Amino acid sequence: MAAQLQHTNTPFLKKQFPITIVCDHISSASNIGSIFRLADAFGVEQIVFTGIKPLLSRRTEKTARATHKTVPYKYIEDENAFINNLKKEKQYIIALEITSNSSPVGTMQLPKNTAIVLVIGNENHGVSKKWLETAHTVHHIEMYGNNSSMNLANATGICLYELTNKLKI
């Protein structure tokens, strides 16, 4: 029978991907903590918060399990300047949102040798119009039940799994 591995003896390769997660007006402490944990698990370069400055509350830190200390992050006040800089640097911007023209995350086509920006939106209102208009592409998670949305952190995890699998090729 196989023994469960601990963090100290897992065979996982440490790797960083050229991915920045942009948290567009995200407010939930537990979602913010989960985003840090996912960013660490998937080797994301950094997290950028826009709109709402994140409060690293006890709830956030508990959910993040210390990854808020190891994953680089910053808060950007001037969203327009940040967007202009991303465009100037030719970063590929993906919005994770259900829209009339979004496509499933499994169909993502990524440009070669380009930094990726994954924009995730507010828990109640989704990705803002400004980011949807800025994005090169918009993708959603295909769902088969009655609900049309899922928890932000869960959706982010699914999208990061797809992104990192495509970037490994």
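(A) View of the side chain of histidine 140. With respect to the helices, strands and loops of the structure, histidine 140 is situated in strand E7 (residues 137–140). Of the polar contacts made by the side chain of histidine 140, one reaches the side chain of serine 102; its length is 2.8 Å. With residues up to four places along the chain from it excluded, the contact list for histidine 140 reads Leu96, Glu97, Ile98, Ser102, Ser103, Pro104 and Val105.

(B) Quick peek at the packing of aromatic side chains. Tallied over the entire structure, the rule returns four aromatic pairs. Relative to tyrosine 73, the ring of phenylalanine 36 lies with its centre 5.1 Å away and its plane at 85°, an arrangement referred to as edge-to-face. Here phenylalanine 36, found in helix H1 (residues 29–41), pairs with tyrosine 73, found in strand E3 (residues 73–76); they are 37 residues apart in sequence, far enough to count as distant. When its relative accessible area of 0% is taken as the criterion, phenylalanine 36 is described as buried. Ring geometry for phenylalanine 49 versus tyrosine 73: centroids 6.3 Å apart, planes at 85°, classification edge-to-face. Pair noted here: phenylalanine 49 is in strand E2 (residues 44–50) and tyrosine 73 is in strand E3, with a separation of 24 residues, a long-range link. Residue class for phenylalanine 49 comes out buried when judged on its relative accessible area of 1%.

(C) Highlighting the layout of surface pockets. Put simply, the largest pocket is a space of about 1,000 Å³. Lining the largest pocket are 24 residues; nearest its centre among them are Phe12, Leu13, Asp40, Ala41 and Phe42. At the level of secondary structure, the elements contributing two or more residues to the lining of the largest pocket comprise H1 and helix H5 (152–168). Among the residues forming the lining of the largest pocket, the class breakdown is 10 nonpolar, eight polar and six charged. Along the walls of the second largest pocket sit 19 residues, with Leu96, Glu97, Ser149, Met150 and Leu152 positioned nearest its centre. Contributions of two or more residues to the lining of the second largest pocket are made by strand E6 (116–121) and H5. Grouping the constituent residues of the lining of the second largest pocket by class yields nine nonpolar, eight polar and two charged.

What counts and what doesn't
- Residues numbered from 1 in each chain as written.
- Predicted model: local features only at pLDDT ≥ 70, side-chain atom pairs only at ≥ 80, totals over all residues.
- Heavy atoms only, no water.
- Helix = DSSP H or I, 4+ residues; strand = E, 2+ residues; numbered from the N terminus.
- Polar contact = N/O pair within 3.5 Å; in protein donor to acceptor, adjacent residues only side chain to side chain.
- Contact = heavy atoms within 4.5 Å.
- Phe/Tyr/Trp six-rings, centres within 6.5 Å; stacked < 30°, edge-to-face > 60°.
- Buried < 20%, exposed > 50% of the residue type's maximum accessible area, 1.4 Å probe, protein only.
- 1 Å grid on protein atoms, 1.4 Å probe; cavity = no way out; pocket = protein on both sides within 12 Å on 5 of 7 lines; lining within 4 Å.
- Points joined across faces, edges and corners; volume = space filled by probe spheres on them.
- Nonpolar A, V, L, I, M, F, W, Y, C, P; charged D, E, K, R; others polar.

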